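# Residue-level structural notes
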Amino acid sequence: MDFISIKHANKIYKNGVTAIYDLSLKIKKGDFVFIIGGSGSGKSTLIKMLYREERPTSGEIIIGGLNVAKLRNSKVYKLRRKLGIVFQDYRLLPKLTVYENVAFALEVIGAKKEEIKTKTLKAIDLVGLKSKTRTYPTELSGGEQQRVAIARAIVNNPKLLICDEPTGNLDPDMSKEIVDVLETINREVGTTIIMATHDREIVNARKRHVIMLKDGRLIKDNEKGTYDNEIVENV
Amino acid sequence: MRLLRMFRRNVRDAFKSVSRNFSLSIASISCISITLIVVGLSLLLSFNVNNFADTIKKDVTIVAFLDKETTKEELENIKNKIQKMDNVESIEIKTKDEAKEEMIKESEFVSLTMPEENPLLDSYLIKVTDIEKIKDTVEEIKNIESISAINYGEQMVDKLISAFDLIQKITIIIVAILILVTVFLIINTIKLTIFSRKREISIMRLVGASNLTIKVPFVIEGMLIGVLGSIIPIGVIVYGYVVFYERMEGHIFSNIIKLIEPEPFIYFIALFILGIGILVGMIGSGRAVRKYLKV
């Protein structure tokens, strides 16, 4: 069963740049996928199209039965409630504590107070920040801030977690911690995880499903892939 | 339940935002206040002018004089005839004897010079339902044989009607312009508060808040600014009008131009000002936030 299915997607920006060229791929439910490629390879555009920040110029993107490519602006929130998103720059609210930052995601969709409390504490526990619920983001390390962002992304039990270079600002040890957290979520909750990265070590160490892009084209789609430079150069 | 929860959160956020961006909010609140004071004054003026125009229109009377030879019988017959005309509301007979007495009462000079035989004519005092059609009615009455002369203060009435129309049009234009200016001011204020919360809005969108959820707090904030901005104008207008009414003893220039009694008129004006304040705040903030809700 394919959870995500992309068929012949093209993306041409208004300035004429073609970011994605005839891309088709499938991702199974519960999968852990690395999307790799250099700058300008189109991986950011692909990620943005998955959470409907951008729309493909043509082709279709179906996530859990929902045609994302045809989703109107006013209905985007329906998609966003089904997935969690994590960014390189964490995007936390500095004036809120760890708990409040995570609870924020439930508050704005109008969840009940008790529900907010149990779900928030569970998510914070899952990323291993139980002792820091009352701390403000500025008092945390980069890795901890990113874990708060992950907790916020998963607090609503999404089926899909999209991570755009989540380890981009972190040192190798912290990066490893973050990917460990993601793997735990993938294993224990069964959340499908898509992670864009250019961190060679992480990709090579985990032997996961790897999708490699170059100049907007899919050049590799391996079930247990590595970040292999030769392939990039041979194509 | 869910809606109520969200609503409480929104109202709380709106108060927070107004107090957090205090200086900015004060700026828009004073702008709204100034606008609403002028709007209030224009309303007072326009309602009073309207009221005066209505009384004047009601007072307009056609006076139709009959031939000298008209008998009592004919007087009654013609009266019934006129009564049946379309635009005629009421008709009264004023005999020459009544007219004579009235004139003697009004001035001593007349009473001294009035000859023994009554030189005056019998007349009808006619009121019309629709003042706009008064000319046609006058023409129709003129055609009756025994009517010798007819008079309704033609020029005065025409001038008054056009003057009132002009005053009303000018006040409406002024009010409309002021409201537009205020809407733009509010759009700018709310835009600035939105700018300071841009990050929060983008995160709200990312975690799946609907556009409405994001929009409502800002609209409530705009309404709040509108309400706060209408407090001073309401006070000024209500108090000012009551004092003015008492000072002038209910009329301006002469006894003819009567002012509208303050109660319940000023309550209506106060509600109107509050309504405009809220509406303007809502429209301004609604428009300001729209831009930030794309993707």
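For the structure itself, look to the data block above.
The text that follows walks through the structure, step by step, so that each part is easy to find. Everything numeric in this text was worked out from a predicted model, so none of it was measured.

## Focus on the overall build of chain A
- Of the regular secondary structure elements, chain A holds eight helices and ten strands.
- When each of the 235 residues of chain A is scored for burial, the buried share is 51%.
- Considering only residue pairs separated by 6 or more positions, chain A has 66% of its internal contacts joining residues 24 or more positions apart.

## Details of the pairing of strand β1 (residues 61–66) of chain B
Residue and element names in this part refer to chain B.
- The alternating pattern of β1 places I62, A64 and L66 on a buried face, while none of T61, V63 and F65, on the opposite face, is buried.
- Here β1 runs beside strand β3 (residues 123–128); their pairing, made up of five bridges, is antiparallel. By the bridge assignment, F65 is partnered in β3 with S123.
- Relative to strand β4 (residues 147–151), β1 runs antiparallel, the two being bridged by four bridges. Note on β4: the bridge partner recorded for V63 is N151.

## Let's talk about the layout of surface pockets
- Space inside the largest pocket adds up to approximately 1,000 Å³.
- Around the largest pocket sit 28 residues that line it, and E107(A), R9(B), R12(B), D13(B) and K16(B) are the ones nearest its centre.
- Breaking the lining of the largest pocket down by element, the ones donating at least two residues are α3 (98–107) and α4 (113–126) of chain A together with α1 (2–20) and α8 (198–206) of chain B.
- The biggest single contributor to the lining of the largest pocket is α1(B), with nine residues.

## Quick word on the pairing of β3(B)
- Strand direction decides the pairing type here: strand β2 (residues 88–94) of chain B and β3(B), joined by six bridges, are antiparallel. What sits directly across from K94(B), in β3(B), is S123(B).

## Points about the environment of K132(A)
Residue and element names in this part refer to chain A.
- Mapped onto the fold, K132 is located in the loop between α4 and α5 (142–154).
- Put simply, K132 and V98 are 34 residues apart on the chain and 7.0 Å apart in space, counted from C-alpha to C-alpha.
- Contact partners of K132, with chain neighbours within four places excluded, come to V98, L140 and E144.

## Considering the interface of chain B and chain A
- In this complex, chain B contributes 19 residues to the contact, which on the side of chain A involves 25 residues.
- Summing both sides of the interface, chain B and chain A together bury roughly 2,000 Å²; the carbon and sulfur share of this comes to 57%.
- Across the contact surface, chain B and chain A share three residue pairs in polar contact (both at pLDDT 80 or more).
- Taken together, the elements giving at least two residues each to the side of chain B that touches chain A come down to α1, α8 and α9 (211–247) of chain B.
- Considering every element that reaches the side of chain B that touches chain A, the biggest residue donor is α8(B), with six residues.

Conventions adopted
- Residues numbered from 1 in each chain as written.
- Chains lettered and ligands numbered in written order.
- Predicted model: local features only at pLDDT ≥ 70, side-chain atom pairs only at ≥ 80, totals over all residues.
- Heavy atoms only, no water.
- Helix = DSSP H or I, 4+ residues; strand = E, 2+ residues; numbered from the N terminus.
- Buried < 20%, exposed > 50% of the residue type's maximum accessible area, 1.4 Å probe, protein only.
- Contact = heavy atoms within 4.5 Å.
- Pairing = 2+ DSSP bridges.
- 1 Å grid on protein atoms, 1.4 Å probe; cavity = no way out; pocket = protein on both sides within 12 Å on 5 of 7 lines; lining within 4 Å.
- Points joined across faces, edges and corners; volume = space filled by probe spheres on them.
- Buried area = accessible area lost by both parts, 1.4 Å probe.
- Polar contact = N/O pair within 3.5 Å; in protein donor to acceptor, adjacent residues only side chain to side chain.

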